[in-house]
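Analysis of the macromolecular model
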Amino acid sequence: MNRYIDIFTARNTFAASLFLAAILLLFLAPKAAVNVDEQLHYPHAKNVVNWYFTGGDDVSNLETPITNLKYYGQSVDNLTALINRTFNIEDEFLTRHFTGALFFWLLLFFAALISYQLSGSFSVATLTVISMIAMPRLFGQAFGNLKDIPFAVGYAAGIYFIILFIKELPRIKWSTTIWLALAIAFTNSVRIGGLILFAYLGLAIISYIISKPFYLKQIVSTKHYFGRLLGQGVVIVIIGYFAGLLFWPFALQDVFQNPLKSLSVMEHYKVSIRQIFEGELLWSTQLPWYYLPKWILISTPGFIILGFIISIIPLNIYVPKPIKSKQLFLELFVFFTLLFPIIYVIIIGANLYSGVRQMLFVLPLFAVFSSIGIIKLRKSNLSKIIKYPVIGLFFISIIFPIKHQVATFPADYIYFNTIAGENKNAWSNYEYDYYFHSIKKSSEYLVELIGEEDVIVATNCNLSNYFENVPNVKYQYSRYLERSSTDWDYGLFGVNYIHPFQLKNETWQSSQIVKTFYHRGNPVAVLIKRSDKNDFYGISEINNGNLETGEQLIKEAIKTDPKNVWLFVHLAKICFGKNNFDEFETILKRGFEIHPFYEPLYLLKAQKLFNDKKYTESLKTLQELITINPRYKNAAPLLKVVKEKIYN
């Protein structure tokens, strides 16, 4: 009997949780979806590796004016490119997904170690592992996100070794020093934002010494301690900064200016992406200050929120009294590392998008405090009538996100809690499958459907990898609403970048859809089969100046796809060009019924008003257009002319 008790110790349970997590990650990695960022960062990673292999002759990785990828360290992406090149691995994305699994396991490991250091309990560490696995927004990006997950690993590792550093004051082990330096270096190698760990270390040392004046006196008065600590600080700075630049060509061009330039770019990212937020389609530079807090609130599982709230409520802390003082300091320090990044990005007005993706590194700390909170509650002096139902609710609540993950993998990261009304109500109100994970299963269905037929497949994402080993498929990119301007036989489109009005009123759906793919009852991708190509040929004829032929073809196309607003835009252009203004107004009205916020329709309306010399009304229409989409550049020429007519 005692042998079984010895086996099921808290320490062994913690080890078992990590072992089972590793098995789970290894099992799921080959089944993971490729995301759109992988198709962006991985080619750049191959260019980075080639820079080293060519001795710096291939400078393509330094010339990224549109993507800004040179500003990313992305060391893990680069590592996978190096492995694939060195060992001639054919399935390159599989390497990436196994690498992602490894780093997610490391994230579990370091977050759990933080829990243990704060609580002294392996039960808390085990609960942290379980909690992180049951966080769909975190676990769902374990495989393909080789920027945010590795950065989170470095962030957690840095915090863990800073905790050890503080605990070992005034005599710090050299092993702790080196590991801390390497953790900071690794974090910087992924994203230069890892520099914050230097500030955390300095803040932790200064704050702790102020709270314990005896340590300051001991360090300053003892030359050995002072010299050792000073030397260790120099080692941390040198290794933590310079080692983090070794796999980053842009930083190596100027090791002092370029990393800081990158930091500035990351803090105020100029690339703006349209997002659905609170039922509106906005550019990321338009999003309100509370965008991140709101996303954390609606996408974090309820059990995490419950445990986190309990953790910050003053209860009878269960740690032994002799270590309470240092324990409280460390808890406050880690709590600061959770809140500070959130507050900081709000204060500086950082350009955030894609939900909590860019701030994934704080989510493990929510799991840490949630786990501490629930164990704290269990060991508190509160009445059993209060605490046991709450604890029971906590563990029951874990079941629901896990159930979601099992049902929706590999698109399990798309998760909304009950505060958001769950996934059913969040769809069309918040950005949904921004990574296009739904394209994996839908593309597999399409490949099986077409068999050996030679076809052109259009998608509204860059995930051509799903068709690379299918020789009879030719891949073509096309925006969904503008799909008629592209030649294709089958269209596989993620339900992305579509206005909430169309989603809510079902005016986005083509009558040629042969299959809709769902996620928790919500459409996430559609497969369209063209019955004919009248739309494509009609637009081609219009572009070639053959308006009569183009008009006939477009009208035929509208009969088969009556909700295709892009066709109404072109038909309106034809009517405008033929001075058929009565029909122009009719067509424009039908277009607005389908999509009342569609920019090309507003531009046509403004142009007609301008031609009628109704300059004020034309300007008003253009202002409405700019309100809808401030970045719609096509309106600029007409807007300039209209203002000249009005104000000159």
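Shown above is the structure to which this text applies.
Quick notes on the rules
Residues numbered from 1 in each chain as written. Predicted model: local features only at pLDDT ≥ 70, side-chain atom pairs only at ≥ 80, totals over all residues. Heavy atoms only, no water. Helix = DSSP H or I, 4+ residues; strand = E, 2+ residues; numbered from the N terminus. Contact = heavy atoms within 4.5 Å. Areas by Shrake-Rupley, 256 points an atom, 1.4 Å probe, with all protein chains shown as cover. Lys, Arg positive; Asp, Glu negative; His and termini not counted. Charge placed at Lys NZ, Arg CZ, Asp CG, Glu CD. Phe/Tyr/Trp six-rings, centres within 6.5 Å; stacked < 30°, edge-to-face > 60°. Lys NZ or Arg CZ within 6 Å of the ring centre and 35° of its normal. 1 Å grid on protein atoms, 1.4 Å probe; cavity = no way out; pocket = protein on both sides within 12 Å on 5 of 7 lines; lining within 4 Å. Points joined across faces, edges and corners; volume = space filled by probe spheres on them. Nonpolar A, V, L, I, M, F, W, Y, C, P; charged D, E, K, R; others polar. Buried < 20%, exposed > 50% of the residue type's maximum accessible area, 1.4 Å probe, protein only. Pairing = 2+ DSSP bridges. Polar contact = N/O pair within 3.5 Å; in protein donor to acceptor, adjacent residues only side chain to side chain. Patch = residues over 30% accessible without salt bridge, like charges linked within 9 Å, V, L, I, M, F, W, Y side chains within 5 Å. Salt bridge = Lys/Arg side-chain N within 4 Å of Asp/Glu carboxyl O. Axes fitted to C-alpha atoms, helices over the stretch in contact; angles between N-to-C directions. Parallel < 35°, antiparallel > 145°, perpendicular 65-115°, else oblique. Arc of directions from axis to C-beta.

Before going further, it helps to spend a moment on the overall build of the protein. For the protein, the count of helices and strands is 29 helices and seven strands. Viewed in the frame of its principal axes, the protein has a C-alpha envelope of about 90 × 55 × 55 Å. A separation of at least 24 residues holds for 72% of the contacts in the protein among residues at least 6 apart in sequence. Carbon and sulfur atoms make up 61% of the accessible area of the protein, which totals about 28700 Å². Across the protein, the 60 positively charged side chains and the 47 negatively charged ones have centroids separated by 14 Å.

In this description, a pair of aromatic rings is defined by centroid distance and the angle of the planes. For the structure on display, the rule yields 59 aromatic pairs. With centroids separated by 4.8 Å and ring planes inclined at 90°, the aromatic side chains of Trp51 and Tyr52 adopt a geometry described as edge-to-face. Grouped by ring-pair contacts, the aromatic residues Phe151, Tyr155, Tyr200, Phe333, Phe336, Phe340, Tyr344 and Phe361 constitute a single cluster. Lying over the aromatic face of Phe53, Arg85 brings its terminal NZ or CZ to 4.0 Å of the ring centre. Over the face of the ring belonging to Phe581 we find Lys608, whose NZ or CZ atom lies 4.7 Å from the ring centre.

Attention now goes to empty space enclosed by the protein. Regions of empty space are outlined by a rolling probe, equal in size to a water molecule, passed over the atoms. What the rule picks out here adds up to five cavities of 30 Å³ or more. In terms of lining residues, the largest cavity is bounded by Ile276, Trp427, Ser428, Tyr430, Glu431, Tyr432, Val495, Asn496, Tyr497, Ile498 and Leu503. For the lining of the largest cavity, the per-class residue count stands at eight nonpolar, two polar and one charged. Around the second largest cavity, the lining comprises 14 residues; the ones closest to its centre are Ala33, Gly140, Phe143, Gly144 and His437.

Time to look at the pairing of strand E1 (residues 274-277). The side-chain alternation of E1 yields two buried faces, one formed by Arg274 and Ile276 and the other by Gln275 and Phe277. Direction of pairing for E1 relative to strand E2 (residues 280-283): antiparallel, over a ladder of four bridges. Bridge pairing in E2 links Ile276 to Leu281. Counting the residues between successive antiparallel strands, the hairpin from E1 to E2 contains two residues, one of them, Glu278, with a positive phi of roughly 55°.

Here we take up the side chain of Ser370. The residue Ser370 is located in helix H18 (residues 363-378) in this model. Owing to a relative accessible area of 0%, Ser370 belongs among the buried residues under this scheme. A polar contact is formed between the side chain of Ser370 and the backbone oxygen of Phe303, at a distance of 3.4 Å. Residues contacting Ser370, with those up to four places away along its chain left out, are Phe303, Ile304, Gly307, Phe308 and Phe394.

On the surface, Phe226, Leu230, Val234, Ile238, Phe242 and Phe256 cluster together into a nonpolar patch covering about 580 Å² of accessible area. Taking relative accessible area as the criterion, Val234 reaches 43% and is therefore assigned partly exposed.

Below, the discussion takes up the packing of helix H3 (residues 38-53) against helix H5 (residues 92-119). Helix packing geometry: the angle between the two helix axes and the distance between the axes. The interhelical angle for the contact between H3 and H5, taken along N-to-C directions, is 100°, at an axis separation of 12 Å. Compared by their axis directions, H3 and H5 come out roughly perpendicular. In contact with Glu38, Gln39, Tyr42 and Lys46 of H3, H5 contributes Glu92, Phe93, Arg96 and His97. For the contact of H3 with H5, a count of residues per class yields two nonpolar, two polar and four charged.

Turning to helix H14 (residues 257-267), its buried residues are Asn258, Pro259, Ser262 and Val265. Along the long axis of H14, the arc covered by the buried residues comes to 115°, so they all point the same way. Facing away from the buried surface of H14 by more than 90 degrees, the exposed residues are Gln257 and Leu260.

The next point concerns the environment of Arg483. Position of Arg483 relative to the elements: it lies in the loop between strand E4 (473-477) and strand E5 (490-494). Along the primary structure Arg483 and Ile419 are separated by 64 residues, whereas in three dimensions their C-alpha atoms are 36 Å apart. When neighbours within four sequence positions are excluded, Arg483 is seen to be in contact with Ser478, Trp488, Phe493, Ser510, Ile528, Arg530, Asp561 and Asn564. For Arg483, the side chain forms a polar contact with the main-chain oxygen of Tyr480, separated by 2.9 Å. Looking at Arg483, its side chain comes within polar contact range of the side chain of Asp561, at 3.2 Å.

This part takes up unusual backbone geometry. Pro170 follows Leu169 through a cis peptide bond whose omega is 5°. By secondary structure assignment, the location of Pro170 is in the loop between helix H8 (148-168) and helix H9 (174-190). Across the junction of Phe409 and Pro410, the peptide omega takes the value 10°, indicating a cis bond. Residue placement: Pro410 occurs in the loop between helix H19 (384-408) and helix H20 (422-426). Even without being a glycine, Glu278 presents a positive backbone phi close to 55°. Within the secondary structure, Glu278 sits in the loop between E1 and E2. Judged by its relative accessible area of 31%, Glu278 falls in the partly exposed class. The phi torsion at Lys613 lies on the positive side, around 65°, for a residue other than glycine. Within the secondary structure, Lys613 sits in the loop between helix H27 (599-611) and helix H28 (615-628).

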